[in-house]
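The chain contents come next:
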Amino acid sequence: MAPSLEEPLLQSVDSALTSATQKAPSLVAPEPEHCPGPESQQAGKGDACAGCPNQAICASAPKGPDPDIPIITRRLAGIKHKLLVLSGKGGVGKSTFTTMLAHAFASNPANVVGIMDTDICGPSIPKMMGVDDETIHVSSTGWEPVWVSENLGVMSVQFMLPNRDDAVIWRGPKKNGLIKQFLKDVEWGEMDYLVVDTPPGTSDEHLSVNSYLKESGVDGAVLITTPQEVSLLDVRKEIDFCRKAGIRILGLVENMSGFVCPKCTHTSEIFRATTGGGRRLAKEMGISFLGAVPLDSRIGMACDYGESFFDNFPDSPTCAALKEVVRNVGKEMGVKPEDVLGEA
Amino acid sequence: MSLNDIKHIALVLSGKGGVGKSSVTTQLALTLSLQGYSVGVLDVDLTGPSIPRFFGIENAKVRQAPGGWIPVPVHDAQKPRDEQSANGHTTGDGEASQPIGHGSLHCMSLGFLLANRGDAVVWRGPKKTAMVRQFLSDVHWGSLDYLLIDTPPGTSDEHISLVETLLKEATPEQQAGAVIVTTPQAISISDVKKEINFCRKTGVKILGVVENMAGFVCPNCSECTNVFSKGGGEVMAKEFEVPFLGSVPIDPMFIRLIEEGKRPVYPEGTVIDGQTMETNGHADGVEDVGLLVEKYTSCSLYPIFDGMVKQLVGAIET
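Looking at an unreviewed UniProt entry, one finds chain B named Cytosolic Fe-S cluster assembly factor cfd1, with Oleoguttula mirabilis as its source organism. Under the heading Function (unreviewed entry), UniProt records this for chain B: "Component of the cytosolic iron-sulfur (Fe/S) protein assembly (CIA) machinery. Required for maturation of extramitochondrial Fe-S proteins. The NBP35-CFD1 heterotetramer forms a Fe-S scaffold complex, mediating the de novo assembly of an Fe-S cluster and its transfer to target apoproteins." Under the Sequence similarities (unreviewed entry) heading, UniProt states for chain B: "Belongs to the Mrp/NBP35 ATP-binding proteins family. NUBP2/CFD1 subfamily."

Taking an unreviewed UniProt entry as the reference, chain A is identified by name as Cytosolic Fe-S cluster assembly factor nbp35 belonging to Oleoguttula mirabilis. Under the heading Sequence similarities (unreviewed entry), UniProt records this for chain A: "Belongs to the Mrp/NBP35 ATP-binding proteins family. NUBP1/NBP35 subfamily." Quoted verbatim from the Function (unreviewed entry) field of the UniProt record, the comment on chain A reads "Component of the cytosolic iron-sulfur (Fe/S) protein assembly (CIA) machinery. Required for maturation of extramitochondrial Fe-S proteins. The NBP35-CFD1 heterotetramer forms a Fe-S scaffold complex, mediating the de novo assembly of an Fe-S cluster and its transfer to target apoproteins."

## Some details on the packing of helix α3 (residues 94-106) of chain A against helix α11 (residues 317-333) of chain A
Residue and element names in this part refer to chain A. The interhelical angle for the contact between α3 and α11, taken along N-to-C directions, is 75 degrees, at an axis separation of 10 Å. Taken together, α3 and α11 sit at an angle that is classed as roughly perpendicular. Facing α3, whose interface residues are Phe-97, Met-100, Leu-101, Ala-104 and Phe-105, α11 presents Leu-322, Val-325, Val-326, Val-329 and Met-333. Tallied by class, the residues present in the contact of α3 with α11 amount to ten nonpolar, no polar and no charged.

## A closer look at the UniProt feature "binding site: [4Fe-4S] cluster 1" (unreviewed entry) in chain A
All names here are of chain A. Following the UniProt record, the feature "binding site: [4Fe-4S] cluster 1" (unreviewed entry) maps to Cys-35, Cys-49, Cys-52 and Cys-58 here. A compact arrangement is adopted by the annotated residues: their sequence extent is 24 residues, whereas the largest C-alpha distance between any two is 10.5 Å. Examined against the element boundaries, Cys-49 turns out to sit in the segment before α1 (55-60). Looking at the secondary structure, you find Cys-52 in the segment before α1. Taking relative accessible area as the criterion, Cys-52 reaches 14% and is therefore assigned buried.

## Some words on the UniProt feature "binding site: [4Fe-4S] cluster 2" (unreviewed entry) in chain A
According to UniProt, the feature "binding site: [4Fe-4S] cluster 2" (unreviewed entry) maps to Cys-261 and Cys-264 of chain A in the numbering used here. When you line up the elements, Cys-261 of chain A lands in the loop between β9 (249-260) and β10 (267-268). When residues no more than four places from it in sequence are discounted, the contact partners of Cys-261 of chain A are His-266 of chain A together with Cys-218, Cys-221 and Glu-223 of chain B. If you trace the backbone, Cys-264 of chain A turns up in the loop between β9 and β10. Among the residues examined, Cys-264 of chain A registers a relative accessible area of 24% and is labelled partly exposed. With residues up to four places along the chain from it excluded, the contact list for Cys-264 of chain A reads Cys-218, Asn-220 and Cys-221 of chain B.

## Describing helix α8 (residues 277-285) of chain A
Structural remark: α-helix, 3.6 residues per turn; residues separated by three or four positions point the same way. All names here are of chain A. Buried within α8 are the following residues: Gly-277, Gly-278, Leu-281 and Ala-282. The buried residues of α8 occupy one face: seen down the axis, they fall within an arc of 150 degrees. For α8, exposure combined with an orientation more than 90 degrees from the buried face picks out Arg-279 and Lys-283. Structurally, α8 contributes buried residues whose contacts are with β8 (220-225), α7 (229-245), β9 and β11 (289-295). Remark: Gly-286 follows α8 within two positions and exhibits a positive phi of approximately 70 degrees.

## Concerning the pairing of strand β2 (residues 113-117) of chain A
Residues and elements named next belong to chain A. Summarising burial for β2: five of the five residues are buried, a large majority. Along β2, one buried face is formed by Val-113, Ile-115 and Asp-117 and the opposite face, lined by Gly-114 and Met-116, is buried too. Bridging between β2 and strand β7 (residues 191-197) involves five bridges; their strand directions are parallel. Residue pairing in the sheet places Asp-117 in a bridge with Asp-197 of β7.

## So, the packing of α7 of chain A against α8 of chain A
Residues and elements named next belong to chain A. α8 packs onto α7 with a crossing angle of 30 degrees between their chain directions and a minimal axis gap of 11 Å. The angle between α7 and α8 places the two elements in the roughly parallel class. The chirality of how α7 crosses α8 is right-handed. From α7, Leu-232, Val-235, Arg-236, Ile-239 and Arg-243 reach across to α8, where they touch Gly-277, Gly-278, Leu-281, Glu-284 and Met-285.

## What to know about the packing of aromatic side chains
Under the criterion given, the structure shown has eight aromatic pairs over all chains. By the ring-pair criterion, three or more aromatic residues cluster together here, those being Phe-254, Tyr-296 and Tyr-302 of chain B.

## A closer look at the sheet that holds strand β6 (residues 105-109) of chain B
All names here are of chain B. One open sheet accounts for eight strands, arranged β5-β6-β2-β7-β1-β8-β9-β12; its pairing is mixed. Among the strands making up the open sheet, the edge pair consists of β5 (72-75) and β12 (244-247). Going across the sheet, the axis of each strand differs from the next one's by a mean of 20 degrees, ignoring polarity. Relative to β6, strand β2 (residues 39-43) runs parallel, the two being bridged by five bridges. Within β6, the position partnered with Gly-40 by the bridge is His-106. Helix α7 (residues 186-202) contacts β1 (6-13), β8 (175-182) and β9 (206-211) of the sheet and is inclined by roughly 165 degrees relative to β8. With respect to the sheet, helix α8 (residues 232-239) is in contact with β8, β9 and β12, its orientation differing from that of β9 by roughly 155 degrees.

## Some points on the interface of chain B and chain A
Taken together, the contacts link 60 residues of chain B with 59 residues of chain A. When chain B packs against chain A, close to 5,100 Å² is buried across both sides, 58% of that on carbon and sulfur atoms. The largest contributions to the chain B side of the interface with chain A come from Arg-124, Ile-187 and Lys-194 of chain B, which together make up 13% of the buried area. The interface formed by chain B and chain A contains four salt bridges. When the shortest N-O distance is used, the salt bridge between Arg-171 of chain A and Asp-157 of chain B registers 3.7 Å. On inspection of chain B and its partner chain A, the count reaches 27 residue pairs in polar contact (both at pLDDT 80 or more).

## Brief notes about the UniProt feature "binding site: [4Fe-4S] cluster" (unreviewed entry) in chain B
When the UniProt feature table is mapped onto this chain numbering, "binding site: [4Fe-4S] cluster" (unreviewed entry) sits at Cys-218 and Cys-221 of chain B. Mapped onto the elements of the fold, Cys-218 of chain B is located in the loop between β10 (216-217) and β11 (224-225). On the basis of relative accessibility, which here comes to 2%, the residue Cys-218 of chain B falls in the buried class. Discounting chain neighbours no more than four positions away, the residues touching Cys-218 of chain B are Cys-261, Cys-264 and His-266 of chain A together with Glu-223 of chain B. Tracing the sequence through the fold places Cys-221 of chain B in the loop between β10 and β11. Ignoring any residue separated from it by four or fewer positions in sequence, one finds Cys-221 of chain B in contact with Cys-261, Lys-263 and Cys-264 of chain A.

## Looking at unusual backbone geometry
In this structure, Met-256 of chain A is a non-glycine residue whose phi angle is positive, near 55 degrees. Positionally, Met-256 of chain A belongs in strand β9. Overall, the relative accessible area of 11% leaves Met-256 of chain A in the buried class. If you check the backbone angles, Glu-241 of chain B has positive phi at about 55 degrees while not being a glycine.

## Topic: the nonpolar core
Formed by 93 residues in total, the largest nonpolar core has its most connected members in Leu-28, Leu-42, Phe-55, Phe-135, Leu-147, Ile-149 and Tyr-296 of chain B. No other element matches the nine residues that helix α11 (residues 301-317) of chain B contributes to this core. Excluding anything up to four places from it in sequence, Leu-28 of chain B contacts Val-12, Leu-148, Val-179, Phe-305, Val-309 and Leu-312 of chain B. If you look at the next biggest cluster of nonpolar residues, it comprises 87 residues, including Leu-84, Val-196, Ile-287 and Val-326 of chain A.

Thresholds, definitions, all that
- Residues numbered from 1 in each chain as written.
- Chains lettered and ligands numbered in written order.
- Predicted model: local features only at pLDDT ≥ 70, side-chain atom pairs only at ≥ 80, totals over all residues.
- Heavy atoms only, no water.
- UniProt positions renumbered as here; feature names shortened; annotations may be inferred.
- Axes fitted to C-alpha atoms, helices over the stretch in contact; angles between N-to-C directions.
- Helix = DSSP H or I, 4+ residues; strand = E, 2+ residues; numbered from the N terminus.
- Parallel < 35°, antiparallel > 145°, perpendicular 65-115°, else oblique.
- Contact = heavy atoms within 4.5 Å.
- Nonpolar A, V, L, I, M, F, W, Y, C, P; charged D, E, K, R; others polar.
- Buried < 20%, exposed > 50% of the residue type's maximum accessible area, 1.4 Å probe, protein only.
- Arc of directions from axis to C-beta.
- Pairing = 2+ DSSP bridges.
- Left-handed = near helix turned anticlockwise from the far one by under 90°.
- Phe/Tyr/Trp six-rings, centres within 6.5 Å; stacked < 30°, edge-to-face > 60°.
- Buried area = accessible area lost by both parts, 1.4 Å probe.
- Salt bridge = Lys/Arg side-chain N within 4 Å of Asp/Glu carboxyl O.
- Polar contact = N/O pair within 3.5 Å; in protein donor to acceptor, adjacent residues only side chain to side chain.
- Core = buried A, V, L, I, M, F, W, Y, C linked by side-chain atoms within 4.5 Å.

Okay, here's the thing in structure tokens:
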């Protein structure tokens, strides 16, 4: 049986891991504006709860930390490093960078790498990895990630869609449920790196990933930006979010910085850094700057065809810049430089 | 109710982030305004509002009025010069130098409500839904020809709430439909297809597809490079049988106009989309004054959007 989007989602994976107490209360009406959250300590008691049709249900629901969190922690115990790829802005290259990072880590055959795509409404990872026609297989221990190569596995909502172009029109709680399942029911196994790709913004997905992963320990977040102020503005918000949520920031990567004209090799700044770009923002906010990656039209192409940019265009200056960034990411996580890329 | 006096409401949607929804919204608004319509722009991207930055009104704050908010004005309506002199109007020097008229332009965004521009808005779904509803019901737009709604990427809380509220509060005649923005590469197209399916499921009419970032004209040698490939938007529009409104290249001068407020200047012999850009006399050093909307007329993208908007207005008003 392949997992489907129809509820109820798979629960029978491991009876020892399931119990009646971990069920979130089933609500009879949508949550009101200032809902403290049906699982929170304040559930059923907050100001907003007065008059809410869910009040009795929430008030009687089991309180305390989510009982699924220890299960998630146990599931992810075999993963050495977990990192988030974040950006307040869309289309700055979070998914592209995630795939690059994963390919780079996986270029060392000793590493096992996983990607978890938490962008529920616009999953891009499967296409960039060239596995968008795959479906998830279920074994006795859980959902099996889709393996792109020997040592590179991927999990995304795209694998569960009956049609490739189907829209996933979900509100927050449903998205949170699926993210939890990606962590709880997926058989990640022994891994060196798990890279979590996120949607733009600072909302449900980000809060959930953070709260589910807190216990098992996240190495930190890599923030992506493009050089122009419109993007930096949103990234500033993301930094604020990380600080509020207590996520360690490994550093900032500036993507799409400069474009080399293939005809005259003149470098033009398509997205002009009028306010100093990522480098200055990093300095201003006191976080490390991991590097600037120039734009290369071949990256887009490699992503469209689901190929590895590293394997196909190793001579591109973009490739060199990316490798430098990956090394810096490794350094921030405290990994030995020779273990990161498998190069001496 | 605040939507009563609005003639047409159009959404700008895309499944993918960073394809230029806000940039397209901005340009559609400026162009509509230049064609004499009064325009409102509502930014429902709550966690990443960009509209204030695009219109250069980041420091503006929303004023409270009994029963709601007053949107932030970008510029007021202005009659063309010849019409003004014909009517015997005598206005101040600055205004008299205006060659073309334009309609009024107002904006509303969560960005105006934040104390600090770097503050994160960390909200879950229900709170976002409430905010979207409030934006639709409590803003005093006054009478508008067009209300453009800029959206965040995806097909989630904001979009569901937006469509639901519009269905309840706006008449079918008011709901013009949605403009879909994409970039040409397959990664973006695959997300945008999901957005089209969202529109189909929710019964939102699709006004057309705009392909943004189609090609980049090197300012040094005028060679056009397809940074994010080309033609994908048109193929998708055909596949889904929706109108294709046009391709918009990347113009660094437009970005400069937005970021620095400089009137676009093109090097000699720049040809964009088959037309030679005039190298207007505004050399650097000359004082750069005027409204954003006037400066925009010097931008290479203006003729493209002018055509697009005419096509859109034709489709909406018939």
